[in-house]
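# Descriptive structure summary
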Amino acid sequence: MILNVVGARPNFMKMAPLVLELQRRGLPQLFVHTGQHYDERMSQVFFDELGMPRPDLDLGVGSGSHAEQTARVMVAFERVLVERRPALVVVAGDVNSTLACALVAAKLEVAVAHLEAGLRSFDRRMPEEVNRVLTDHLAELLFVTEPSGLANLEREGIDARRVAFVGNTMIDSLVSHRERALAREPWRAYGLEPGGYGLVTLHRPSNVDDSAMAAEIARGLAGVAEELPLLFPIHPRTRERSGELFSRIAGLRLVEPLGYLEFLGLMARARLVLTDSGGIQEETTALGVPCLTLRENTERPVTLSEGTNRLVALEARAIQEAARAPRPGATRAPALWDGCAAARVVDRLEEFLAR
Ligand code: UD1
């Protein structure tokens, strides 16, 4: 049996195509949610919209410090593994749940497969970077989304026989749902025109927990909003830490976190996306929509070299200038971002289980 783990919002769109492909091929699986994200809008809504089954188990770990959250996932997940004894555990991305479950599985000698392996920002101040590096070194099977991942893993001495460049399962989700998302014309509900607005997301601790940094970014957004209406579905952490600051900007509208289809539709017709997310850098590249990433680095360099992404200095002036001259939308998707990544992953999983 294959055990698939999700924990936080960005895991869902990466895991859905895999869960569905396993189902299609009739392979037995157990689907576990750690409960790292628990709000209806951060979690449940995605299962329905992505057409995937509800998790078989929800460990209900919730929020906490890094140690508390990681430890709670580990304790609860160990019980599941001891009881269910899967042949393989699949984890995705770089959230605390990813590392916690990979570590438990490795200690119980259950093989780990990592979706989205090999990405590196080379910035250890990011909790996600620590999670990525450690998860990759625990994994038996490493599924890479872009060529940089192959080079990074080789440099770290990981046996190339464990590594497979399969493309991007998150883009499988995008390809499957883009038309349905557009058909909803989600911009209308906000009185916006296609191509006539910018979409904003911010949640990284380095941007929103530090009030001086958040204030600088807010000044930048205020300048952009003078020329282009901005819509900002605000993450609960951002609302808690610096919501007040963003709520005072004229021309910027704060809304609750959105479902997958609504967000995808809005992203596809935005003139511009401003974000500090990882996944959105890739989704905008796949959609050909200009993206300004408010970070010093990216672990997804293919979005810079082949896509529509651009890193922007965390200064109000730089943000405003970049928004006036974003990179034009690209017409070519990166290699293997073709909607068929999950099928390639499952081919490999079947091969592995047959051994
Ligand atoms: C996590 C991931 C990050 C990912 C992001 C996507 C880690 C280390 N970080 O960050 O990589 O990009 O998810 O959203 O795993 N909260 C709620 N409701 C929820 C979830 C969170 O209110 O359903 C609030 C709580 O105040 C919580 C805070 O958000 O303390 C942070 O949540 P947490 O899961 O620790 O990390 P994220 O910032 O969401």
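Structure first, text after, so check above.
Scope of this entry: the structure provided in the associated data block. For every chain, the first residue of the written sequence is number 1, and numbering continues from 1 onward in sequence order. Local features in this predicted model are restricted to residues of pLDDT 70 or higher, and side-chain atom pairs are both shown and tallied only at a pLDDT of 80 or more, whereas totals for entire chains, interfaces and linings draw on every residue. Hydrogens are left out, water is left out, and the side-chain values use all remaining heavy atoms of the structure.

## A short note on the environment of serine 65
Among the secondary structure elements, serine 65 is positioned in the loop between strand S3 (57-58) and helix H3 (66-84). Expressed as a C-alpha distance, the spacing of serine 65 and threonine 275, which sit 210 residues apart in the sequence, is 24 Å. Elements are defined by DSSP. Helices are runs of H or I of four residues or more, strands are runs of E of two residues or more, and each kind is numbered from the N terminus.

## Overview of the packing of aromatic side chains
The pairing test for Phe, Tyr and Trp rings, Trp by its six-membered ring, is centres within 6.5 Å, and the orientation test on the planes gives stacked under 30 degrees, edge-to-face over 60, and tilted for anything in between. Per the counting criterion, the structure on display carries four aromatic pairs. Summarising the aromatic geometry, the rings of phenylalanine 12 and phenylalanine 46 are spaced 5.7 Å apart at their centres and angled 40° between planes, so their arrangement reads as tilted. Here phenylalanine 12 is found in helix H1 (residues 9-24), whereas its partner phenylalanine 46 is found in helix H2 (residues 44-49), with 34 residues between them in sequence. The exposure classification of phenylalanine 12 matches that of phenylalanine 46, with both residues buried. Taken together, a centroid distance of 5.4 Å and an interplanar angle of 75° make the contact between phenylalanine 232 and phenylalanine 246 edge-to-face. Note on exposure labels: buried denotes an accessible area under 20% of the residue type's maximum, exposed denotes more than 50%, and partly exposed covers the range between, all computed with a 1.4 Å probe on protein chains only.

## Topic: the pairing of strand S2 (residues 29-33)
Most of S2 is tucked away, with five of its five residues classed as buried. Judged by which residues are buried, S2 turns out to be covered on both faces: Gln29, Phe31 and His33 on one side and Leu30 and Val32 on the other are all buried. Looking down the strands as they point away from you, a crossover is right-handed if its path from the first strand over the helix to the second goes clockwise. Handedness of the crossover joining strand S1 (residues 2-6) and S2 through H1 is recorded here as right-handed. Read as a crossover between parallel neighbours, the route from S2 over H2 to S3 is right-handed.

## Some words on empty space enclosed by the protein
Cavities and pockets were defined on a 1 Å grid built from protein atoms only: a cavity is a group of points that admits a 1.4 Å probe but offers it no way out, a pocket is an open group of points flanked by protein on both sides within 12 Å along at least five of seven lines, and a lining residue is one with an atom within 4 Å of any such point. Grid points are joined across faces, edges and corners, and a volume is the space filled by probe spheres set on the points. If you walk through the whole model with that rule in mind, you get one cavity of 30 Å³ or more. Quantified by volume, the largest cavity comes out at close to 60 Å³. Lining the largest cavity are Lys14, Leu115, Glu116, Phe143, Thr145, Val166, Gly167, Asn168, Thr169, Met170 and Val345. Nonpolar residues are Ala, Val, Leu, Ile, Met, Phe, Trp, Tyr, Cys and Pro. Charged residues are Asp, Glu, Lys and Arg, and all others, Gly as well, are polar. For the lining of the largest cavity, a count of residues per class yields five nonpolar, four polar and two charged.

## Re the environment of arginine 248
You can see arginine 248 is positioned in the loop between helix H10 (236-247) and strand S10 (252-255). Residues arginine 248 and phenylalanine 77, spaced 171 residues apart in sequence, show a C-alpha to C-alpha distance of 42 Å.

## Points about the site of the ligand
What surrounds the ligand is a group of 19 residues, the closest being Gln36, His37, Asn96, Glu128 and His203. Residue glutamine 36 places a side-chain N or O atom 2.9 Å away from an oxygen atom belonging to the ligand. A distance of 3.4 Å separates an oxygen atom of the ligand from a polar atom in the side chain of glutamine 69. Burial of the ligand by the surrounding chains reaches 89%, relative to a free accessible area of 740 Å². In a pocket analysis with a 2 Å cut-off to the grid points, the ligand is assigned to the largest pocket. Those elements giving two or more residues to the shell around the ligand turn out to be H3 and H10. Considering each element in turn, the shell around the ligand owes the most residues, three residues, to H10. One heavy atom suffices: a residue is near a molecule or strand as soon as one of its heavy atoms comes within 4 Å of it. Polar contact is defined as a pair of N or O atoms within 3.5 Å, subject to the rule that within protein one atom must be able to donate a hydrogen and the other to accept it, and that residues adjacent in sequence are counted only when both atoms are side-chain atoms. Every accessible area reported is derived by Shrake-Rupley at a probe size of 1.4 Å, with residue values counting cover from the shown protein chains alone. Occupancy of a cavity or pocket is assigned to a molecule whenever over half of its atoms lie within 2 Å of that pocket's grid points.

## Examining the sheet that holds S10
When DSSP locates at least two bridges between a pair of strands, those strands are taken to pair. Taken together, six strands build an open sheet; the order of strands is S10-S9-S8-S11-S12-S13 and the sheet is parallel. Each of the sheet's edge strands pairs with one partner strand only, and the pair in question is S10 and strand S13 (309-311). Pairwise comparison of adjacent strand axes, ignoring direction, gives a mean angle of 20° for this sheet. Here strand S11 (residues 272-275) pairs with strand S12 (residues 291-293) via three bridges, running parallel. Its bridge partner lying in S12, valine 273 is registered against cysteine 291. Fitted lines through C-alpha atoms give the axes, limited to the stretch in contact for helices. The angle between two N-to-C directions lies from 0 to 180 degrees.

## Regarding the layout of surface pockets
Think of a ball as big as a water molecule: rolled over the atoms, this probe shows where empty space is left. Taken as a whole, the largest pocket holds about 1200 Å³ of empty space. Residue composition of the lining of the largest pocket, by class: 19 nonpolar, 16 polar and 13 charged. Quantified by volume, the second largest pocket comes out at close to 260 Å³. Considering the residues around the second largest pocket, the lining is formed by 15 residues, among which Asp123, Arg125, Met126, Ser206 and Glu296 are closest to the centre. At the level of secondary structure, the elements contributing two or more residues to the lining of the second largest pocket comprise helix H5 (127-138) and helix H8 (205-208). It is H8 that provides the largest number of residues to the lining of the second largest pocket, a total of three residues. The residue inventory of the lining of the second largest pocket, partitioned by class, reads six nonpolar, three polar and six charged.

## Focus on unusual backbone geometry
Located in the positive-phi region is glutamate 109, a residue other than glycine, with phi close to 60°. Mapped onto the elements of the fold, glutamate 109 is located in the loop between helix H4 (96-107) and strand S5 (111-117). Unusually for a residue other than glycine, glutamate 185 sits at a positive phi of about 45°. Relative to the helices and strands, glutamate 185 resides in the loop between helix H7 (169-183) and strand S8 (198-201).

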